[in-house]
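# Analysis of the macromolecular model
Here is how the chains run, residue by residue.
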Amino acid sequence: MNVAPRMARLGTESAFEVLARARQLERAGREIIHLEIGEPDFDTPAHIKDAAARAMDAGATKYTALDGTPELKSAIRAKFQRDNGLEFAQDEITVSSGAKQVLYNAMMASLDPGDEVIIPAPFWVSYADIVLIAGGKPVLVPCSEANGFRLTAGDLEAAITPRTRWVMLNSPSNPTGAAYSEAGYRPLLDVLSRHQHVWLIVDDIYEHIVYDDFRFVTPAAIEPGLRNRILTVNGVSKAFAMTGWRIGYAGGPRALICAMAIVQSQSTSCPSSISQAAAVEALNGPQDIVRVHCRSFQARRDLVVSALNAIEGISCRVPEGAFYTFASCAGLIGKKTPDGGIIVSDTAFAEHLLRTVGVAVVPGSAFGLAPYFRISYATSTAELEEACRRIATASAQLF
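Before going into details, it helps to say that this report is about the structure given with it. Just so we're clear, the structure is a prediction, and the values are computed from it rather than from any experiment. (Residues numbered from 1 in each chain as written. Predicted model: local features only at pLDDT ≥ 70, side-chain atom pairs only at ≥ 80, totals over all residues. Heavy atoms only, no water.)

### Quick word on the overall build of the chain
In plain terms, the rule: Numbered from the N terminus, helices here are DSSP runs of H or I no shorter than four residues, and strands are runs of E no shorter than two. What the globule rule says is 2.2 Å times the number of residues to the power 0.38, and the radius of gyration is computed from C-alpha atoms. In this scheme, a residue with accessible area under 20% of its type's maximum is buried, one over 50% is exposed, and one in between is partly exposed, where area comes from a 1.4 Å probe on protein chains only. By definition in these notes, contact holds between two residues if any of their heavy atoms fall within 4.5 Å. Using a 1.4 Å probe, the Shrake-Rupley method yields the accessible areas, and only the shown protein chains count as cover for residues.
Secondary structure summary: the chain contains 13 helices and 13 strands in total. Taking 2.2 N^0.38 as the reference for a compact globule, 399 residues should give roughly 21 Å; the C-alpha atoms of the chain span a radius of gyration of 21 Å, in line with that estimate. In terms of overall dimensions, the chain has a C-alpha envelope of 60 × 55 × 55 Å along the principal axes. For the chain, the residues scored as buried account for 55% of the 399 residues in total. Partitioning the intrachain contacts of the chain with sequence separation of at least 6 by distance along the chain shows that 73% fall at a separation of at least 24. Carbon and sulfur atoms make up 54% of the accessible area of the chain, which totals about 16,100 Å².

Here it is in structure tokens:
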């Protein structure tokens, strides 16, 4: 078989690569604490599962409208108005099998070969590969910890060229948990206002997981003048613990939404009918469970950040949202392991944690910025406490 040359530039999601390595060790008898996968440990709320069961009992097990049932599109429109102050028509809404497919559809529908997409780094690894699959060119812009891992207006301006088609922003962010306030977004939106050929795609999947007094905002609500150049992406996976249900959605300009539906028609067709019924209940039903989960995540964040900052050689910024820490291991680079190895990179440090103390994390280099490592704290407090003790032990072994 001849594999397409473009595949040489692509990879699988880094967290799943770490997971595969961790599972291999588990099959060999090792006990592993999994902090690599970004998935809430909570079960899907009962009222959402009950809605899915009712849909099955009612025979809602057939194909649906291509890019979302009328009922789900109406629920999404209501959600955008309720939570974000955004008004979308029914044909300005699309539903896909996860937010990742929404992003894929958008890139496939809009990119010509060589078109550029600006992606702030660190970034969720799928962003760049989706752009590559669609024939585009990812333009990675490093965002320093000193600026809270956020893109600056100056760096955005410098990255824009006549070939720039999109800017991708994710707030709160995977992998850093960093988030943009209205004041943080404003300079970026001012830049985009001056470059009318550039569109903005915003990934708001962690919208409801924010901490302390941070107030979530989305760009289309801040700058209505850019509405016809913004695709606002979201989904039910993170807020409602529905990762396996695979429902993502977006609101945006009608012509783009229509083109995305054509892409979807030739890939997956409609999302699962049962999952769509569950998503209607998630969006229309009680929202208090979201706040309960958020409080739990915040307590876990505080635990992990405090524990990591107590370890010599590691420092960890306090994230505004999501359920990840993105800690620097710069103070451990160059140190030796007990068996004579050298920690030459964040990848080597992550492997040291997995091999010696059975803690699975993802190196920051996988997300485009080193030397860091990402922890997903969407797991139990007991496991997080044990994982942090093990990381401290593994770090103390280095000399």
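### A look at the sheet that holds strand E2 (residues 93-96)
Defined as follows: When DSSP finds at least two bridges between two strands, those strands are taken to pair. Note on geometry: axes are C-alpha line fits, over the in-contact stretch for helices, and angles between N-to-C directions span 0 to 180 degrees.
Spatial strand order, E2-E8-E7-E6-E5-E3-E4: 7 strands in an open sheet with mixed pairing. The outermost strands of the open sheet, each flanked by one partner alone, are E2 and strand E4 (137-142). Recorded for the sheet is a direction-independent mean angle of 20° between the axes of neighbouring strands. In terms of strand pairing, E2 meets strand E8 (residues 248-251) through 4 bridges, oriented antiparallel. For isoleucine 93, the partnering residue across the bridge sits in E8 and is glycine 251. Against the sheet, helix H3 (residues 70-84) contacts E2, strand E7 (230-235) and E8, and its axis sits at roughly 115° relative to E2. Contacting E2, strand E5 (164-170), strand E6 (199-203), E7 and E8, helix H9 (residues 254-265) crosses the sheet at an angle of about 25° to E2.

### Considering the environment of serine 315
Along the polypeptide, serine 315 turns up in strand E9 (residues 315-316). The class of serine 315 is partly exposed, set by a relative accessible area of 32%. Each C-alpha atom, one on serine 315 and one on glycine 85, is 38 Å from the other, the two residues being 230 residues apart in sequence. Not counting residues within four places of it along the chain, the set of residues in contact with serine 315 comprises Asn309, Ala327 and Ser328.

### Some remarks on the sheet that holds E9
As summarised here, the arrangement of the 4 strands in space is E9-E10-E13-E12, forming an open sheet in which the pairing is antiparallel. One side of each edge strand has no neighbouring strand; the edge strands of this open sheet are E9 and strand E12 (362-363). Relative to strand E10 (residues 324-328), E9 is paired through 2 bridges, and the arrangement is antiparallel. Its bridge partner lying in E10, serine 315 is registered against serine 328.

### Points about the packing of aromatic side chains
As a reminder, the rule being used: Pairing of aromatic side chains here covers Phe, Tyr and the six-membered ring of Trp, requires ring centres within 6.5 Å, and sorts the geometry by plane angle: under 30 degrees stacked, over 60 edge-to-face, intermediate tilted. Charge-over-ring contacts are defined here by two conditions on Lys NZ or Arg CZ: a distance within 6 Å of the ring centre and an angle within 35 degrees of the ring normal.
In the structure shown here, the tally under the stated rule is 15 aromatic pairs. Residues phenylalanine 323 and tyrosine 324 carry aromatic rings whose centres are separated by 5.1 Å and whose planes lie at 55° to one another, so their mutual orientation is tilted. Of the two residues, phenylalanine 323 and tyrosine 324, neither departs from the other in class, the shared state being buried. Each residue in the set Phe42, Tyr206, Phe297, Phe323 and Tyr324 is aromatic and connected to the rest through ring pairs, giving one cluster. A cation over an aromatic ring shows up here: arginine 165 above the ring of tryptophan 199, its NZ or CZ 5.4 Å from the ring centre.

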